Amino acid sequence: MEPEIIIPPKKSYPIRSMLIYSGAILAVLLAFFTGRFSQKIISVPNPNSALPTQTRLLQPTTETAPRPSRVPTITLPPIKSTFSYPKVAYMINNDIWTQSSPETAKQITQTNGSVSKVAYHTYTDKIAFIKGEVIQEHLKNKRIEPSSVHLISRGIDKEILSLTYSTNGDYTSQLRDLAFSNDGSLLAITTSDSVYIYTISTDQIKKVYTSEKFGHDLYAFLKPVFSPDNQHVLLTIGYQEGSSNSVLNLQTTVLTDLGNSSYVSGIRYLGWDGSLIYGISYEYGVDKSKVVGINPNSLEKYSYFEIDTQLTDARLQSPSQFVLSGFTDQKIELSYIYRHNASENKSPISVQTQDSFFDITSSPNSNVFFASRNGGLFAIYSSNSHFELNYLGPGSL
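Residues numbered from 1 in each chain as written. Predicted model: local features only at pLDDT ≥ 70, side-chain atom pairs only at ≥ 80, totals over all residues. Heavy atoms only, no water.

Caption draft 1: Inspection of the overall build of the protein chain at higher detail. Summing up its helical and strand segments, the protein chain has one helix and 32 strands in all. The buried share of the protein chain, taken over its 397 residues, is 43%. In the protein chain, once contacts between residues fewer than 6 apart in sequence are set aside, the share between residues at least 24 apart is 39%. Accessible area for the protein chain stands at about 22,300 Å²; split by element, carbon and sulfur atoms hold 51% of it. (Helix = DSSP H or I, 4+ residues; strand = E, 2+ residues; numbered from the N terminus. Buried < 20%, exposed > 50% of the residue type's maximum accessible area, 1.4 Å probe, protein only. Contact = heavy atoms within 4.5 Å. Areas by Shrake-Rupley, 256 points an atom, 1.4 Å probe, with all protein chains shown as cover.)

Caption draft 2: Local environment of the sheet that holds strand β6 (residues 106-107). Strand order in the open sheet made by the three strands is β4-β5-β6, with antiparallel pairing throughout. Since the sheet does not close on itself, it has two edges, and those belong to β4 (88-92) and β6, each with one partner. (Pairing = 2+ DSSP bridges.)

Caption draft 3: Examining the side chain of aspartate 273 more closely. Relative to the helices and strands, aspartate 273 is located in strand β21 (residues 265-273). Only 2.9 Å separates the side chain of aspartate 273 from the side chain of tyrosine 304, close enough to count as a polar contact. Ignoring sequence-local partners within four residues, the contact set of aspartate 273 consists of Tyr278, Tyr304, Leu316, Pro319, Ser320 and Phe322. (Polar contact = N/O pair within 3.5 Å; in protein donor to acceptor, adjacent residues only side chain to side chain.)

Caption draft 4: Examining the pairing of strand β31 (residues 376-382) more closely. In terms of residue burial, β31 counts as a mostly covered element, since six of its seven residues are buried. Across six bridges, strand β30 (residues 368-373) lies against β31 in antiparallel orientation. Residue pairing across strands places arginine 373 opposite glycine 376, the latter belonging to β31.

Caption draft 5: Structural view of the environment of phenylalanine 358. Tracing the backbone through its elements, the reader meets phenylalanine 358 in the loop between β28 (349-353) and β29 (359-361). The exposure class assigned to phenylalanine 358 is partly exposed, which follows from its relative accessible area of 41%. Between the alpha carbons of phenylalanine 358 and alanine 371 there is a distance of 7.8 Å; along the sequence they are 13 residues apart.

Caption draft 6: Region of interest: the environment of serine 372. Secondary-structure assignment places serine 372 in strand β30. As a C-alpha pair, serine 372 and tyrosine 90 span 282 residues in sequence and 9.5 Å in three-dimensional space. Excluding residues within four positions of it along the chain, serine 372 makes contact with Phe357, Phe358, Asp359, Leu377, Gly395, Ser396 and Leu397.

Caption draft 7: Here's a closer look at the nonpolar core. If you look at the biggest cluster of nonpolar residues, it comprises 15 residues, and the most contacted ones within it are Val149, Leu151, Ile160, Leu178, Phe180, Leu187 and Ile189. Sorting the residues of this core by element identifies β8 (126-136), β9 (142-153), β10 (156-162), β13 (175-180), β14 (186-191) and β15 (194-199) as the ones contributing at least two each. For this core, the element with the highest residue contribution is β13, accounting for three residues. (Core = buried A, V, L, I, M, F, W, Y, C linked by side-chain atoms within 4.5 Å.)

Caption draft 8: Quick peek at the side chain of glutamine 317. Counting through the fold element by element, glutamine 317 comes out in strand β25 (residues 310-318). Given the relative accessible area of 9%, glutamine 317 is considered buried. A polar side-chain atom of glutamine 317 sits 3.1 Å from the main-chain carbonyl oxygen of valine 368. In this structure glutamine 317 touches Val323, Ser362, Ser363, Asn365, Ser366, Asn367, Val368 and Phe369, once residues within four positions along its chain are discounted.

Caption draft 9: Region of interest: the sheet that holds β15. Overall, antiparallel pairing links the four strands, which are arranged β13-β14-β15-β16 in an open sheet. The open sheet is flanked by β13 and β16 (204-210), the only strands paired with a single partner. On average, each strand axis in the sheet is tilted by 20° relative to the strand beside it, whichever way the strands run. Pairing of β13 with β14, which is carried by five bridges, proceeds in the antiparallel orientation. The residue bridging aspartate 177 from the neighbouring strand is threonine 190, located in β14. (Axes fitted to C-alpha atoms, helices over the stretch in contact; angles between N-to-C directions.)

Caption draft 10: Structural detail: unusual backbone geometry. A positive phi angle, near 55°, is found at arginine 154, a position not held by glycine. For arginine 154, a relative accessible area of 83% corresponds to the exposed category. Of note in the backbone geometry, asparagine 230 takes a positive phi value of approximately 65° without being a glycine. For asparagine 230, the location among the structural elements is in the loop between β17 (218-226) and β18 (232-239). Residue classification places asparagine 230 among the buried residues on the basis of a relative accessible area of 12%.

Caption draft 11: Fine view of the packing of aromatic side chains. Tallied over the entire structure, the rule returns six aromatic pairs. Here the aromatic rings of tyrosine 209 and phenylalanine 221 are separated by 6.0 Å at their centres, their planes lie at 85°, and the arrangement is edge-to-face. Highlighted residues: tyrosine 209 in strand β16 and phenylalanine 221 in strand β17, separated in sequence by twelve residues. Judged by centre distance (5.1 Å) and plane angle (80°), the rings of tyrosine 278 and phenylalanine 322 are edge-to-face. One end of the pair, tyrosine 278, is in strand β22 (residues 276-283); the other, phenylalanine 322, is in strand β26 (residues 321-328), and 44 residues separate them in sequence. The class for tyrosine 278 is buried, based on a relative accessible area of 4%. Residue phenylalanine 322 is classed as buried on the basis of its relative accessible area, which comes to 0%. Here the aromatic cluster, defined as three or more aromatic residues joined through ring pairs, consists of Tyr278, Tyr304, Phe305 and Phe322. (Phe/Tyr/Trp six-rings, centres within 6.5 Å; stacked < 30°, edge-to-face > 60°.)

So, in structure tokens, the structure goes:
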């Protein structure tokens, strides 16, 4: 009979096995994430366009790997301008800057980021702005509680109005918006429920209108625009849902409703074309918009022209000559800037851009206007045959 062979049991090392497995998994994850997030997105000029394009460059980095979809962005210096443009005022990190060329960029205010609105009048070189207290919220988020209006003229900063910021349920009483008249003699200031007019030459400010609807449905008076004769102010009135437009007669203080509304569809009036008011008529989900007009006295409506684009903004550069921005197919990357002379029976010229300009503003030079998008400021030259876009640097209008 053969002797029985007894095989001793294998020793178990559960803790050591767990450490080995954990280390291996950690090494794989570290290699994966290091390779995945060591790439940066860098804005570089496109030789075929003045707009910056995004190009991925793979390069090593010693920075801590960011969270997914939070790839760091680097902004290159401004592209050198190829045409001259008027002086413009804009904001970077809620402080005011001006420039008439990339080399002349100058910071005007040092408020630690407490400016919420800015208005600039080119002919008189005056800057008006609303500032307030910066309230730090969650981590990097902050908000501004506007409380005062200032005017900068000949280098002197003067406070012209103060208003206590207050809340009442869902409604907040605060300073909202401001705008100069065409000749720079008046400044319109709007709040949640009132409209003020400041006369610069006499240093007098007057409350010309107050609504009793605030706190019930009315949310704010916004986007004041003076008529060419300074007798009326076009106002956008915001509600809890949607908005409408009205015209305030500064002599009689009568507020006339233009009979439109804009929520998902409607008309958004933007400015004055002589005695008429022009705006954008649109319908949600439809790639088609009309530039329309209305007589504020008779409320008779007119149609200037139609474009197969969802328009986001429009400005009048000179009589009946419009500059517009918009996008098609619900995709921001398929966007256009238009120039159209409504007095001529011609199709508008356009240029396709990488991203939609949601804020555009006119200038004293009828061939140059300014636009901002994604924190970038652009000067745009337009003629009857072409556009030329120049990136001026970071900033918003």
